[in-house]
Amino acid sequence: MIEYTVLRSRRRTIALQVTREAQVVVRAPLYAAEADIRHFVLAHEDWLSCQLARQRERLSAHPPRSPEEQEALRRQAKAQLPDMVRHWAQEMGVTPTGLKITSARTRFGSCSGKNSLCFSLYLMEYPPEAIEAVVVHELAHIRHKNHGSEFYTLVRQYLPDYDRQIKLLK
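One structure accompanies this document, and this report is about it. (Residues numbered from 1 in each chain as written. Predicted model: local features only at pLDDT ≥ 70, side-chain atom pairs only at ≥ 80, totals over all residues. Heavy atoms only, no water.)

### A look at the overall build of the protein
Of the regular secondary structure elements, the protein holds six helices and six strands. Written out in order from the N terminus, the α and β elements of the protein read β-β-β-α-α-α-β-β-β-α-α-α. For 170 residues, the compact-globule estimate of 2.2 N^0.38 gives 15 Å, and the protein exceeds it by more than 25% at 20 Å. By principal-axis analysis of the C-alpha atoms, the protein measures approximately 60 × 40 × 30 Å. Residues counted as buried form 36% of the 170 residues belonging to the protein. (Helix = DSSP H or I, 4+ residues; strand = E, 2+ residues; numbered from the N terminus. Rg over C-alpha atoms; globule rule 2.2 N^0.38 Å. Buried < 20%, exposed > 50% of the residue type's maximum accessible area, 1.4 Å probe, protein only.)

### With respect to the packing of helix 3 (residues 67-92) against helix 4 (residues 128-143)
At a minimum axis separation of 10 Å, helix 3 and helix 4 run at an interaxial angle of 50 degrees. Of the possible angle classes, the one that applies to helix 3 and helix 4 is oblique. Judged by the twist between their axes, the crossing of helix 3 over helix 4 is right-handed. Across from Gln80, Leu81, Met84, Val85, Trp88, Ala89 and Met92 in helix 3, the residues of helix 4 making contact are Ile131, Glu132, Val135, Val136, Leu139, Ala140 and Arg143. Broken down by class, the residue content of the contact of helix 3 with helix 4 amounts to eleven nonpolar, one polar and two charged. (Axes fitted to C-alpha atoms, helices over the stretch in contact; angles between N-to-C directions. Parallel < 35°, antiparallel > 145°, perpendicular 65-115°, else oblique. Left-handed = near helix turned anticlockwise from the far one by under 90°. Contact = heavy atoms within 4.5 Å. Nonpolar A, V, L, I, M, F, W, Y, C, P; charged D, E, K, R; others polar.)

### Some words on helix 5 (residues 149-158)
Those residues of helix 5 that sit buried are Phe151, Leu154, Val155 and Tyr158. All buried residues of helix 5 lie within an arc of 95 degrees about the axis, which places them on one face of the element. Turned more than 90 degrees off the buried face of helix 5, the exposed positions are Ser149, Thr153 and Gln157. Contacts from the buried residues of helix 5 go to helix 3, helix 4 and helix 6 (162-167). (Arc of directions from axis to C-beta.)

### Side note on the sheet that holds strand 2 (residues 15-18)
Strand order in the open sheet formed by three strands is 1-3-2, and the pairing between neighbours is mixed. If you trace the sheet from one side to the other, it starts and ends with strand 1 (5-9) and strand 2, each paired once. Going from strand to strand, the sheet's axes swing by 25 degrees on average, the running direction of each strand aside. By the bridge criterion, four bridges tie strand 2 to strand 3 (residues 24-29) in an arrangement that is antiparallel. Considered in strand 3, the bridge of valine 18 is made with valine 24. Most of the contacts of helix 2 (residues 45-61) go to strand 2, to which it runs at about 25 degrees, and overall it touches strand 2 and strand 3. (Pairing = 2+ DSSP bridges.)

### Concerning the pairing of strand 3
On a regular strand, each side chain points to the face opposite its neighbour's, so the side chains alternate between the two faces of the sheet. Among the six residues in strand 3, five count as buried, and that is most of the element. The loop that links strand 2 with its antiparallel partner strand 3 comprises five residues; one of these, alanine 22, has a positive phi angle of about 65 degrees.

### Observations concerning the packing of aromatic side chains
The way to describe two aromatic rings as a pair is by their centre distance and the angle between their planes. Under the definition given, this model contains three aromatic pairs. Relative to tyrosine 126, the ring of phenylalanine 108 lies with its centre 5.2 Å away and its plane at 80 degrees, an arrangement referred to as edge-to-face. Pair noted here: phenylalanine 108 is in the loop between strand 4 (98-102) and strand 5 (109-111) and tyrosine 126 is in the loop between strand 6 (116-120) and helix 4, with a separation of 18 residues, a long-range link. With relative accessibility at 25%, the residue phenylalanine 108 sits in the partly exposed group. (Phe/Tyr/Trp six-rings, centres within 6.5 Å; stacked < 30°, edge-to-face > 60°.)

Set out below in structure tokens:
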């Protein structure tokens, strides 16, 4: 049986979550019976095993960083990203209003409604081609605020090999 933690709240259904740290969390209604929770976990054991394996694989490839390592990644991002953004913004004919480095864990980049770009310091753990793909992706959002066909046409106009490059992040 897979080990799990139960978090009870005023919800109506039972749900499973595998955290970034490869821990299983069961979210359950306040009055759900332990037997019902256990049965639910057992019924989803195959799915849980698969998700746990994926998270453990991701953790081994990208172990948690110490504060010193995070700071080194932040310095690297501040050294590399502004020049790359400047280059691609000029190529694409767009103008971002700002550039910020964050410690976001689940999103490598974002573009605000006011065209300010944010990039995660963890992006620096990936090959330069992948970083370039994220930069072009976010700059394309200055023109297209969605992921429609026009957006991807624009991205592929500047990075014909975009699909291969972005897969490096997976």
